[in-house]
Amino acid sequence: MLRPATAADFPFIRAVAGAPSNARFIDDENEAALAALIGSADTALLIWEDGGAPSGFALFCERTSPADRIELRRLALASPGTGAGERFIAALRDHAFEQLGANCLWLDVVADNPRARHCYERAGFTHEGRLRARWRRPAGDVADLDVLSILRPEWEALRRL
């Protein structure tokens with residue numbers, strides 16, 4: 001289940017983002033930045049509950065894009081490597097098309113995170129290309145990003161399977 005995040009979720013979001021398993025791949029934002037995300041019409045900060053408890057979070061951006069393009073900018077699980085990633089990504093993908101009206105859902109993934117890229121591809125995303133030396137990690141090193149996307153017709157075809 002996906003639900004909008006509230007200020008009460010900030011400690012959970014920060015703990016997940018700052019976990020050693022996630023810190024290399026995502027930024028941790030302070031409470032003021034998280035509050036700004038909740039207050040913006042262009043973003044949707046969501047909590048994924050699995051079994052009735054918060055299990056992950058995700059941030060959708062570009063909700064006001066005239067091209068109906070939605071970016072899945074940040075997502076993380078509280079317990080990565082447990083097999084929940086595919087269900088989480090499928091729920092996010094479906095939410096983007098069903099609830100947010102996306103025509104195109106896109107994301108970037110750090111090139112040295114093959115586990116995440118594999119999950120995205122299994123969820124129907126197509127690799128579009130690589131942006132070289134594009135993101136400075138929290139630790140200071142610079143990483144390449146792979147861009148992936150799924151279009152509404154591709155998502156609809158998956159739903160018919």
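A brief report on the enclosed structure follows. (Residues numbered from 1 in each chain as written. Predicted model: local features only at pLDDT ≥ 70, side-chain atom pairs only at ≥ 80, totals over all residues. Heavy atoms only, no water.)

## Re the sheet that holds strand β2 (residues 44-50)
The criterion, for reference: Note: two strands are recorded as paired if DSSP finds a minimum of 2 bridges between them. The helix and strand labels rest on DSSP assignments: H or I over at least four residues marks a helix, E over at least two residues marks a strand, and numbering proceeds from the N terminus. Here, axes are lines fitted to C-alpha atoms. For helices the fit covers the stretch in contact, and angles between N-to-C directions go from 0 to 180 degrees. We call two residues in contact whenever any of their non-hydrogen atoms come within 4.5 Å of each other.
Taken in spatial order, the seven strands of this open sheet run β1-β2-β3-β4-β5-β7-β6, and their pairing is mixed. The sheet terminates laterally at β1 (2-4) and β6 (126-136), the two strands that pair on one side only. The mean angle between the axes of side-by-side strands here comes to 30°, regardless of whether they run parallel or antiparallel. As defined by bridge partners, β2 adjoins strand β3 (residues 53-61) across seven bridges and the pair is classed as antiparallel. Bridge assignment links leucine 45 to a residue of β3, and that residue is leucine 59. In the packing of helix α6 (residues 152-160) onto the sheet, contacts are made with β6 and β7 (142-151), and the angle to β7 comes to roughly 65°.

## Regarding the nonpolar core
This is how it is decided: Each nonpolar core is a collection of buried residues, namely Ala, Val, Leu, Ile, Met, Phe, Trp, Tyr and Cys, held together in the definition by side-chain atoms within 4.5 Å. Under the scheme applied here, a residue whose accessible area is under 20% of the maximum for its type counts as buried, over 50% as exposed, and between as partly exposed, the area being computed with a 1.4 Å probe on protein chains only.
Core analysis: the largest hydrophobic core is formed by 28 residues, its most contacted members being Phe60, Leu72, Leu75, Leu105, Tyr120 and Phe125. Mapped by element, the contributors of at least two residues to this core are β2, β3, β4 (69-77), α4 (85-98), β5 (104-110), α5 (114-122) and β7. Take this core: its biggest share by element is five residues, from α4. Sequence-distant contacts of leucine 105, defined by excluding residues within four places in its chain, comprise Phe60, Ile70, Leu72, Arg93, Ala96, Phe97, Phe125, Leu148, Ser149 and Ile150. With 15 residues, the next largest nonpolar core counts Val16, Leu34, Leu37 and Ala76 among its residues.

## Considering the pairing of β5
Condition: With strands facing away from the observer, any crossover in which the path from the first strand over the helix to the second runs clockwise is taken as right-handed.
For β5, a buried count of five out of seven residues is recorded, marking the element as mostly surrounded by other parts of the structure. Summarising the sheet, β4 and β5 pair through three bridges and their orientation is parallel. If you follow arginine 69 over to β5, its bridge partner there is cysteine 104. In this fold, the crossover linking β4 to β5 by way of α4 has right-handed handedness. Of the strand pairs in this sheet, β5 and β7 are connected by seven bridges, and their pairing is antiparallel. Considered in β7, the bridge of aspartate 108 is made with valine 147.

## Considering the packing of α4 against α6
The following threshold applies: Reported orientations rely on four angle classes, namely roughly parallel under 35 degrees, roughly antiparallel over 145, roughly perpendicular from 65 to 115, and oblique for the rest. In this scheme the crossing of two helices becomes right-handed for a clockwise turn of the near helix relative to the far one and left-handed for an anticlockwise turn of less than a right angle. Ten residues, namely Ala, Val, Leu, Ile, Met, Phe, Trp, Tyr, Cys and Pro, are considered nonpolar, four, namely Asp, Glu, Lys and Arg, are considered charged, and the remaining ones, Gly among them, are considered polar.
For the pair α4 and α6, interaxial distance at closest approach is 11 Å and the crossing angle is 120°. Overall, the two elements α4 and α6 adopt an arrangement that is oblique. Along this stretch, α4 crosses α6, giving a crossing that reads as left-handed. Side by side, α4 and α6 meet where Arg93, Asp94, Phe97 and Glu98 of the first sit next to Arg152, Trp155, Leu158 and Arg159 of the second. Tallied by class, the residues present in the contact of α4 with α6 amount to three nonpolar, no polar and five charged.

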